[in-house]
Amino acid sequence: MINKNIIKWLSNQRRKQLLTVSKKDLSKLNKWVYGKKEIYHKSKKFFKITGIRIRSNFYNKKSWNQPIIVQNEIGILGVIKDIKTNKYLLQAKVEPGNINKIQISPTVQATRSNYLRKHGGKKTPFLNYFLKKNKKIKILSNMKLSEQGTRFLGKKNKNLLIELKHHLFFKKDNFIWLTKQNIKFLLKKKNLLQMDTISILSSVIKKNGNDEPTNDIKILNSRLKSLKKKLKIEKKLITFSSLKGWQIKNSQIFDKKKNFFSILFIDVNANKREVKNWDQPFISDHLTSLNCFIIAKINETNHYLLKIIQEPGFNSPKFTSTISEKNFPINNLKKNKFSKFLNKKNYLLDSVYSDEGGRFFKNQTRNIICKLDNYKKLKIAKNYIWASHNQIIDLIKQNRVTIEARNLFAIYNIDKIK
């Protein structure tokens, strides 16, 4: 499809897919209960938000409290690819937390509670292609990958890319077949390609033919294991009333110093969703986040500077981007220790994308890839290490890379998706 036709189609979808969003008081939620201990759905399905106390030797702040989303379900994030045309079936999906109302989402994006229709709504289109075995379907990727470790407790989703051996005609107005070049075009648009779509694509990046890593993969995994032994993190679920430094109001729940996020309560009316009306809590960041890779050419091979972190939602440390900070003062890069290396003339990518709008309300992240000409000038601590293109692909398959890092990696390498 020609790119200008996609924009026209999107404009048409914005007109057709009606959505009204309004803030609501906690006490007036219809299907959600605030029991002082946690916020949960009356069906005991979907997700709940509870308090958590973290004690760690990994952060400057040794102990803190925060709310966290608990969702003990593995959802399905799936994209269908047409083997004949090499096109991907995606959808224009309206979500209450989307900044621009509509984002380009996967073919299927559903929690278990959603696709089992616990909300009493309509069936999820094309779901059976991801649930049932079929000889006509080839699975190109099927990985359980983690979600944001600062927002979810142990949350994973199945990321699937399937290929149909025979072309099938899907007649649904809000779905569209897009080429790789179309997707590349959409990535240049602010807050348009949804993060779950990018997450799936991160699992299907092709390896380079020539890849000469400066560190053996065993060294990367050894560094991860070594730091895991040194890191101590204790997690304890607590009641909302025990959250120190947080203000609980009928209109919202927020941390007084604004280092974390707010919990808002939203009422939604939509004409093109499985359910027409619902309300729910949302996580809303105070500031835009920052996600940055510093890359360098080492041994004639692109290397990415990875950071090892231990986020409260993870059981083990993971690799993330060189800089991955929530609520970052976007116009004040000087606050980061790598700021002197972040020169705009060396930016290979500088774009803004947002979190998916089903759990997060208008959260944005500035994504930067910065090339470093002389990497030897960079003094790095033991929780940083260089990894090659092919090594990052292997680490993604092992679920050892955060969603922030793997998505940024996918955006930069979008030409190499299967």
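Use the structure listed above.
Throughout what follows, the structure given in this document is the object of discussion. Just so it is clear, the structure is predicted and the values come from calculations on it, not from any experiment.

Digging into the nonpolar core
Residues Leu10, Ile104, Leu186, Phe293 and Leu306 are the most contacted members of the largest nonpolar core, which totals 54 residues. If one sorts the elements of this core by residue count, helix 8 (residues 403-412) sits on top with five residues. Sequence-distant contacts of leucine 10, defined by excluding residues within four places in its chain, comprise Ala92, Ile102, Ile104, Leu186 and Leu192.

Points about the pattern of salt bridges
As enumerated under the stated definition, the model contains eleven salt bridges in all. With a shortest N-O distance of 2.8 Å, aspartate 279 and lysine 24 are connected by a salt bridge. With aspartate 279 in strand 17 (residues 277-285) and lysine 24 in the loop between strand 1 (19-23) and strand 2 (32-34), this residue pair connects regions lying 255 residues apart in the sequence. For lysine 24, a relative accessible area of 15% translates into the label buried. The shortest N-O distance in the salt bridge between aspartate 350 and arginine 366 comes to 3.0 Å. Residue aspartate 350 is located in strand 22 (residues 347-354), and its partner arginine 366 is located in strand 23 (residues 364-371); the two are separated by 16 residues in the primary sequence. What emerges from the salt-bridge pattern is a single network uniting Lys24, Asp267 and Asp279.

Observations concerning unusual backbone geometry
Within the chain, asparagine 191 stands out as a residue other than glycine whose phi angle is a positive 55°. When you line up the elements, asparagine 191 lands in the loop between helix 4 (180-187) and helix 5 (195-202). Here asparagine 191 falls in the buried class, since its relative accessible area comes to 3%. If you check the backbone angles, glutamate 300 has positive phi at about 60° while not being a glycine. Tracing the backbone through its elements, the reader meets glutamate 300 in the loop between strand 18 (289-298) and strand 19 (301-309).

Criteria and cut-off values
Residues numbered from 1 in each chain as written. Predicted model: local features only at pLDDT ≥ 70, side-chain atom pairs only at ≥ 80, totals over all residues. Heavy atoms only, no water. Core = buried A, V, L, I, M, F, W, Y, C linked by side-chain atoms within 4.5 Å. Buried < 20%, exposed > 50% of the residue type's maximum accessible area, 1.4 Å probe, protein only. Helix = DSSP H or I, 4+ residues; strand = E, 2+ residues; numbered from the N terminus. Contact = heavy atoms within 4.5 Å. Salt bridge = Lys/Arg side-chain N within 4 Å of Asp/Glu carboxyl O.

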